[in-house]
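Observations on chain architecture
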Amino acid sequence: MPDVSNLKTTRVSSDQWAEYWSQGHLTTFGGPEFEDGYQGNIKSFWLQQLPGLDDGASIVDLGSGNGALPLLFARELEDGPRKISIVGIDNAAIAPSDEFKKYRKRDARVKVRFKAETPMEDTRLKKNSADLVVSHYGFEYGDPEKVVREIQRILKPAGKVAMIVHHEGSYIVRKARGMLEQARLGEDERLVNRVKKWVRDFAAGKSGTVLDKQAAQLEASFDRLRTQAAQFQDAHMLAILINGGMAIAMKVQSDADEARSMLKEWITEYNAYRLRMEDICAVAYTNKSVSTLMDMMKEQGLAECRMSVLNHENGASLGLAITARAAV
Ligand SMILES: C[S@@+](CC[C@H](N)C(=O)[O-])C[C@H]1O[C@@H](n2cnc3c(N)ncnc32)[C@H](O)[C@@H]1O
């Protein structure tokens, strides 16, 4: 059996994911592009998985989050002739939107339910019960060997698995690396500590000389970071640091309590975003580790194992698309 231990990394905790999903996000993409669900080539890839599903078919989504994939499938299938059931599995306490209410109704043709706080390594779904197992940036967060075994267990004979996973060369992973570089620039400036100290000393009424010196250092840090931000195509991490830090540094001059609570929120937001970026880099497949994964899938008995790069309409790589079938 190939060694896949290096493929396993889960760094953002379930509680942190739960906190993220409780904010009402549908996906983990930052921008407005996927606010209403997956579009473009991602959507096309997923819709290509649906033909061939019979009436009464069952789809299982591993690492579903708030249900971007179940929603895409439900919207596509709700007016069709087939009855379909979809189950979203996630380790975290997720918070799917009210739009799912209609897919819980008795007479709904497409039924969607979620099993929150449930590991994809042990879904507790029935053996041979799924026609299609899917995962969008979910599979790679689990233990690959255990998850492949679980997929094999729940799939019906000839059932299909389709996944999109992070890859080191994708623009998402490259962007995450860029965000971590920006975080390091903030750390080189010791920005969070400087802002914390400024709030503490200003609120404590320290002498004008001490505060003047600190203000000058803080301003110089902000200036340097602003200059560095211009070198990045997307400087979201530096924007969090600069805009948040400046707002707090100003606020303490009129309302120390409010500044302290802003400081807490700022640090939480920064740490959570940073951790998600670290996580993406940690779970992303390399060419070598994905080939190990494909070998392991074959060794575990999956057939027709295929892997290709999935590109955005603008040509940028979004990650790897992996498909396979359970043996007949
Ligand atoms: C990047 S999110 C992807 C969410 C969703 N598939 C989407 O496209 O928006 C990864 C999700 O995997 C979940 N997760 C991580 N490890 C897991 C595990 N071992 N079992 C089940 N879910 C897990 C996390 O809680 C998180 O919601």
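All figures in this text were calculated on a predicted structure; none of them were measured in a lab. (Residues numbered from 1 in each chain as written. Predicted model: local features only at pLDDT ≥ 70, side-chain atom pairs only at ≥ 80, totals over all residues. Heavy atoms only, no water.)

Comments concerning the pairing of strand β7 (residues 317-325)
Extensive coverage of β7 is indicated by the burial of eight of its nine residues. Pairing of strand β5 (residues 155-165) with β7 involves six bridges; the strand directions are antiparallel. Counted as the bridge partner of Lys-160 is Arg-325 from β7. By the bridge criterion, seven bridges tie strand β6 (residues 303-311) to β7 in an arrangement that is antiparallel. Across the sheet, Arg-306 pairs through a bridge with Thr-323, a residue of β7. Between the end of β6 and the start of β7, which pair antiparallel, lie five residues, with Gly-315 showing a positive phi angle near 95°. (Buried < 20%, exposed > 50% of the residue type's maximum accessible area, 1.4 Å probe, protein only. Helix = DSSP H or I, 4+ residues; strand = E, 2+ residues; numbered from the N terminus. Pairing = 2+ DSSP bridges.)

Digging into the site of the ligand
In the vicinity of the ligand lie 20 residues, with Trp-21, Tyr-38, Gly-63, Asp-90 and His-136 positioned nearest. In this structure, an oxygen atom belonging to the ligand sits 2.8 Å away from a side-chain N or O atom of Trp-21. Taking Tyr-38, its side chain carries an N or O atom lying 2.4 Å from an oxygen atom of the ligand. Considering the ligand on its own, with 600 Å² of exposed area, one finds that the protein chains cover 98% of that surface. Here the shell around the ligand is built from residues that sort into nine nonpolar, nine polar and two charged. (Near = heavy atom within 4 Å. Polar contact = N/O pair within 3.5 Å; in protein donor to acceptor, adjacent residues only side chain to side chain. Areas by Shrake-Rupley, 256 points an atom, 1.4 Å probe, with all protein chains shown as cover. Nonpolar A, V, L, I, M, F, W, Y, C, P; charged D, E, K, R; others polar.)

Remarks on the pattern of salt bridges
Tallied over the entire structure, the rule returns 17 salt bridges. One salt bridge in this structure joins Glu-78 and Lys-102, with 3.4 Å as the shortest N-O distance. Taken together, the positions of Glu-78 in the loop between α3 (68-77) and β2 (84-89) and Lys-102 in the loop between β2 and β3 (110-115) put the pair 24 residues apart, joining distant regions of the chain. By relative accessible area, Glu-78 is classed as partly exposed at 24%. For Lys-102, a relative accessible area of 38% translates into the label partly exposed. Glu-189 is paired through a salt bridge with Arg-224; the nearest N and O atoms lie 2.6 Å apart. You can see Glu-189 sitting in the loop between α5 (171-188) and α6 (191-203) and its partner Arg-224 sitting in helix α7 (residues 208-229), a full 35 residues away along the chain. Taking the relative accessible area as the measure of exposure, Glu-189 reaches 10% and is therefore buried. (Salt bridge = Lys/Arg side-chain N within 4 Å of Asp/Glu carboxyl O.)

Some words on α5
Helix length check: α5 (18 residues) gives 25 Å between terminal C-alpha atoms against 26 Å at 1.5 Å per residue, within 8%. Where α5 is concerned, the buried positions are Ile-172, Val-173, Ala-176, Gly-178, Met-179, Leu-180, Gln-182, Ala-183, Leu-185 and Gly-186. Looking at the buried residues of α5, the elements they touch are α6, α7, α8 (236-251), α9 (256-283) and β7. Phi for Arg-190, located one or two positions after α5, is positive at around 50°. (Expected span 1.5 Å × (residues − 1). Contact = heavy atoms within 4.5 Å.)

Considering the layout of surface pockets
If you add up the space inside the second largest pocket, you get close to 250 Å³. Lining the second largest pocket are Tyr-171, Arg-174, Lys-175, Gly-178, Met-179, Gln-182, Phe-232, Gln-233 and Asp-234. For the lining of the second largest pocket, the class distribution of residues is three nonpolar, three polar and three charged. (1 Å grid on protein atoms, 1.4 Å probe; cavity = no way out; pocket = protein on both sides within 12 Å on 5 of 7 lines; lining within 4 Å. Points joined across faces, edges and corners; volume = space filled by probe spheres on them.)

Quick look at the side chain of Ser-58
On the secondary structure map, Ser-58 appears in strand β1 (residues 57-62). Using a relative accessible area of 12% as the deciding quantity, one classes Ser-58 as buried. Once residues lying within four places of it in the same chain are set aside, the contact partners of Ser-58 are Ser-85, Ser-129, Ala-130, Asp-131 and Leu-132.

Some details on the confidence of the model for the chain
A residue-level look at the chain finds 96% of positions with pLDDT of 70 or above and a mean pLDDT of 94. Every residue in residues 1-10 is under pLDDT 50, and counting partners more than four places away or in other chains gives 27 contacts. (pLDDT = per-residue confidence, 0-100.)

Overview of the environment of Lys-102
The sequence separation of Lys-102 and Val-112 amounts to ten residues, and the corresponding C-alpha distance is 8.9 Å. In this view, Lys-102 contacts Glu-78 and Ala-108; residues no more than four positions away in its chain are not counted.

Brief notes about the sheet that holds β5
If you trace the seven strands from one edge of the open sheet to the other, you get β3-β2-β1-β4-β5-β7-β6, paired in mixed fashion. Pairing within the sheet leaves two strands with one partner each, and these edge strands are β3 and β6. Recorded for the sheet is a direction-independent mean angle of 15° between the axes of neighbouring strands. Strands β4 (130-136), β5, β6 and β7 of the sheet are contacted by helix α2 (residues 40-47), whose axis makes an angle of about 175° with β5. Together, β1, β4 and β5 form the strand contacts of helix α4 (residues 144-154), whose direction differs from that of β5 by roughly 140°. (Axes fitted to C-alpha atoms, helices over the stretch in contact; angles between N-to-C directions.)

Overview of α6
Taking 1.5 Å of rise per residue, 13 residues should cover 18 Å, and α6 covers 18 Å from first to last C-alpha, within 8% of that figure. Buried within α6 we find Leu-191, Val-192, Val-195, Trp-198, Val-199 and Asp-201. Where α6 is buried, its residues touch α5, α7, α8 and α9. In the stretch just after α6, Gly-205 is the one whose phi turns positive, near 70°.

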